[in-house]
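# Tertiary structure, described
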Amino acid sequence: SQQVTVAVHCPYTFFFGDADGCPSGPVRDVGMVYQAFEGGFMLWRGDTNEIYVFYDDGGMQVFLEQDYANLPEVVLDDVPPLNREMPVAGFAKVWANAPGVRDRLGWALDVEQGYTARVQSVAATRLPRPTFVFYVVLPGGEVIGGGYGTWQTIVS
């Protein structure tokens, strides 16, 4: 066995600077919905209908539409504390029904907000695999990387 290093030319560049891996395509503008929580935040991605849950401890979960669409509607006796919100729609289904999500996120800090985000995917064809699967801009302008169960802020 022999180890060989091969230089690969990436036809695309990351929209925010250097990062691990090679972009799988150009940056795209994607409709998103964002909601901040006591212990993290959630994103709904309009082009894939995925819901991403980002926890303050750097953990992340992805819920495909087929995983959350048929979850029960949220019926809780709990009332949000003062200055807190209960999530609605798909966020509510994931928050109330997916094991551990509600406990880790806590209550929403504000209502959800729609926005257009810059998103770029990473080609996951090399070994070792790149650190993240995608990069996305949050409503405050921060760029985060996410995938493989983790996330972190890349540009604040």
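Residues numbered from 1 in each chain as written. Predicted model: local features only at pLDDT ≥ 70, side-chain atom pairs only at ≥ 80, totals over all residues. Heavy atoms only, no water.

Of note in this structure, N49 is not a glycine but carries a positive phi near 60 degrees. Relative to the elements of secondary structure, N49 occurs in the loop between β3 (40–45) and β4 (50–55). Residues other than glycine seldom take positive phi values, yet N83 does so here, at roughly 65 degrees. Looking at the element boundaries, N83 is found in the loop between α1 (65–68) and α2 (89–97). (Helix = DSSP H or I, 4+ residues; strand = E, 2+ residues; numbered from the N terminus.)

Here we come to the state of the cysteines. Applying the stated criterion to the full structure yields 1 disulfide. Put simply, C10 and C22 are joined by a disulfide, and their sulfur atoms are 2.1 Å apart. Residue C10 is found in the segment before β1 (22–23), and its partner C22 is found in strand β1; the two are separated by 12 residues along the sequence. (Disulfide = S-S within 2.5 Å.)

So, about the nonpolar core. Core analysis: the largest hydrophobic core is formed by 17 residues, its most contacted members being F41, L43, F54, Y115 and V136. Going through the elements one at a time, β2 (28–37), β3, β4, β6 (113–123) and β7 (134–137) are the ones with two or more residues in this core. Broken down by element, this core gets its largest block of residues, 4 residues, from β2. Setting aside residues up to four positions removed in sequence, V136 forms contacts with M32, L43, Y115, A117, R118, V119, E142, V143 and I144. Counting residues in each nonpolar core, the second largest holds 16 residues, with M42, I51, W95 and V101 among its members. (Core = buried A, V, L, I, M, F, W, Y, C linked by side-chain atoms within 4.5 Å. Buried < 20%, exposed > 50% of the residue type's maximum accessible area, 1.4 Å probe, protein only. Contact = heavy atoms within 4.5 Å.)

Our next topic: the pattern of salt bridges. This structure, assessed with the given rule, holds 6 salt bridges. As a salt-bridge pair, D47 and R45 come within 2.7 Å of each other at their nearest N and O atoms. A salt bridge links R102 to D78; the nearest nitrogen and oxygen atoms lie 2.3 Å apart. In this pair, R102 sits in helix α3 (residues 101–105) while D78 sits in the loop between α1 and α2, placing the two residues 24 residues apart along the sequence. One network of salt bridges, with partners in common, ties together R28, R45 and D47. (Salt bridge = Lys/Arg side-chain N within 4 Å of Asp/Glu carboxyl O.)

Once rolled over the atoms, a probe with the size of a water molecule shows which space is left empty. Reported here for the largest pocket is a volume of approximately 340 Å³. What lines the largest pocket is a set of 13 residues, and nearest its centre among them are V6, V8, R126, L127 and P128. Here the lining of the largest pocket is built from residues that sort into 9 nonpolar, 3 polar and 1 charged. (1 Å grid on protein atoms, 1.4 Å probe; cavity = no way out; pocket = protein on both sides within 12 Å on 5 of 7 lines; lining within 4 Å. Points joined across faces, edges and corners; volume = space filled by probe spheres on them. Nonpolar A, V, L, I, M, F, W, Y, C, P; charged D, E, K, R; others polar.)

Below, the discussion takes up the environment of E85. Relative to the helices and strands, E85 is located in the loop between α1 and α2. In contact with E85, other than residues within four places in its own chain, are P80, W107, A108, D110 and V111.

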